[in-house]
Structures are given as structure tokens and as C-alpha cells.
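Below are the chains, spelled out letter by letter.
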Amino acid sequence: MTLPKRGLLAALALFALDQLVKWAVVGPLGLDHLGAERYVAPIFSLRFVPNVGVSLGLLPADGNATRWALVAMTGAIAIGVAIWMTREKHPTDQVALGLVLGGALGNILDRVRFGYVVDFADLHFGDWRPFLVFNVADAAITIGVLVLLLRAFLSRDKAAPSVESPHA
């Protein structure tokens, strides 16, 4: 088994970027409490949201037991993604899996350190918010999964058309 260097590099770079941006948001920018917000552009603002659940607010982990159960569950998924990445041959898929892995690890570290995931990116059009508040890790996980799905649908092996005997 050879190490998927591109995937590991993507995971490491994404993990570092995610943690750096979260540190900047809650540290120097001071967005570290509910209600803290900075407008960046008419359609984008930074807004502190402690996410105690997983995607779309599902499985809220508002207690110690559920918090650590969620850490264990997402940790198991991250291990599965890492194993898949080591077995994956295509470099694009390795990088996509690296994005998913790095994002998962960034969010797991938040949950271990703080008890919640730091979300802050708020894309909106007036009062319409097509997305929940998210972070770099969430965006990377989404992009990685979309790349994997697109590659799966667009690069299916073309089977040779079967020739049936007219006498069958």
C-alpha cells in the first residue's frame, strides 16, 4: 500500500487552514459569543454560531455523553475516509477524500476542545439565507463529497455493447 501523498497533503493543509481561520474569527476578530457579527459584503457576513449538532443541526449533542458519542461517531467516519483514501488509486479522488478528512478532523478538534464546532460563514441575500452558517471545514467536506459524486457519475466505465445472437 502506498501513501496517498496528495490526499494527505490536502487533509493537512485543509485542517491547518480551518483551524487558522477559526482562530482568527474567535481571536483577533473577537467573534466569540452569540450575537457577534461582522459584515464583510452585502451578501456575506461573519457571525459566531456554536454548532452542537452535525449537519443541518441534526443529532444535537447538548450533553457530555452525546458530545463524546458524536466525537466517536465522526471519528469512526474519519477513520473510514482515511482507509478509503489509502486504497483509492485516482489522485483526484484522493484529494477529494483528503478534503473530507481534513474537514472532519478540524470539526472533531473543535468539538473536543470546546464542546461545539465553531461556525461563522453566513452567506445571505437580504434576509434569505440559502445555507446554514458554516465554516471552512464544512465547505471542504461539501466540495470533497461533490467531487467524489461527480467523478462517480461522469467516469463510469463504459461497458462494451453486447452483441446478441439473432438465434438466441
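Cut-offs and rules
Residues numbered from 1 in each chain as written. Predicted model: local features only at pLDDT ≥ 70, side-chain atom pairs only at ≥ 80, totals over all residues. Heavy atoms only, no water. Helix = DSSP H or I, 4+ residues; strand = E, 2+ residues; numbered from the N terminus. Contact = heavy atoms within 4.5 Å. Areas by Shrake-Rupley, 256 points an atom, 1.4 Å probe, with all protein chains shown as cover. Phe/Tyr/Trp six-rings, centres within 6.5 Å; stacked < 30°, edge-to-face > 60°. Buried < 20%, exposed > 50% of the residue type's maximum accessible area, 1.4 Å probe, protein only. Expected span 1.5 Å × (residues − 1). Arc of directions from axis to C-beta. Polar contact = N/O pair within 3.5 Å; in protein donor to acceptor, adjacent residues only side chain to side chain. Core = buried A, V, L, I, M, F, W, Y, C linked by side-chain atoms within 4.5 Å.

A. Spatial organisation of the overall build of the chain. Per the secondary structure count, the chain includes 4 helices and 3 strands. From first element to last, N terminus to C terminus, the chain shows the α and β order α-β-β-α-α-β-α. Pairs at least 24 apart in sequence give 63% of the contacts found in the chain among residues at least 6 apart. When the accessible surface of the chain is totalled, it reaches about 10500 Å², and 70% of it is carbon and sulfur.

B. Representation of the packing of aromatic side chains. Applying the stated criterion to the full structure yields 3 aromatic pairs. On the basis of an interplanar angle of 90° and a centroid distance of 6.1 Å, the ring pair of Phe48 and Tyr116 is categorised as edge-to-face. One end of the pair, Phe48, is in strand E2 (residues 44–51); the other, Tyr116, is in the loop between helix H3 (91–114) and strand E3 (117–123), with 68 residues separating them in the sequence. Take Phe48: its relative accessible area is 5%, and that puts it in the buried class. Aromatic pair Phe114 and Tyr116: ring centres 5.7 Å apart, planes at 25°, arrangement stacked. Residue class for Tyr116 comes out partly exposed when judged on its relative accessible area of 23%. Every member of this aromatic cluster is reached through a ring pair, and the members are Phe48, Phe114 and Tyr116.

C. Representation of helix H1 (residues 5–26). With 22 residues, H1 should reach 32 Å at 1.5 Å per residue; the first-to-last C-alpha distance of 32 Å fits that figure. Looking only at H1, the buried set comprises Gly7, Ala10, Ala11, Leu14, Asp18, Gln19, Lys22 and Val25. Along the long axis of H1, the arc covered by the buried residues comes to 150°, so they all point the same way. Residues of H1 that are exposed and point more than 90 degrees away from the buried face comprise Lys5, Arg6, Leu9, Leu12, Leu20 and Trp23. Each element contacted by the buried residues of H1 is listed here: helix H2 (64–87), H3, E3 and helix H4 (136–154).

D. Region of interest: the side chain of Gln19. Mapped onto the elements, Gln19 comes out in helix H1. By relative accessible area, which is 14% here, Gln19 ends up buried. Only 3.1 Å separates the side chain of Gln19 from the side chain of Asp18, close enough to count as a polar contact. Polar side-chain contacts of Gln19 include one of 3.1 Å to the backbone oxygen of Gly106. Excluding residues within four positions of it along the chain, Gln19 makes contact with Gly106, Leu109, Asp110 and Arg113.

E. Molecular detail of the nonpolar core. Judged by nonpolar contacts, Ala11, Val71, Ala78, Val81, Met85, Ala96, Leu97, Val100, Leu101, Ala104, Ile108 and Leu148 together constitute the single largest core of 12 residues. Elements with a minimum of two residues in this core: H2 and H3. It is H3 that provides the largest number of residues to this core, a total of 6 residues. Dropping the residues within four chain positions of it, Ile108 is found in contact with Val71, Thr74, Gly75 and Ala78. With 11 residues, the next largest nonpolar core counts Val25, Ala36, Val118 and Phe120 among its residues.

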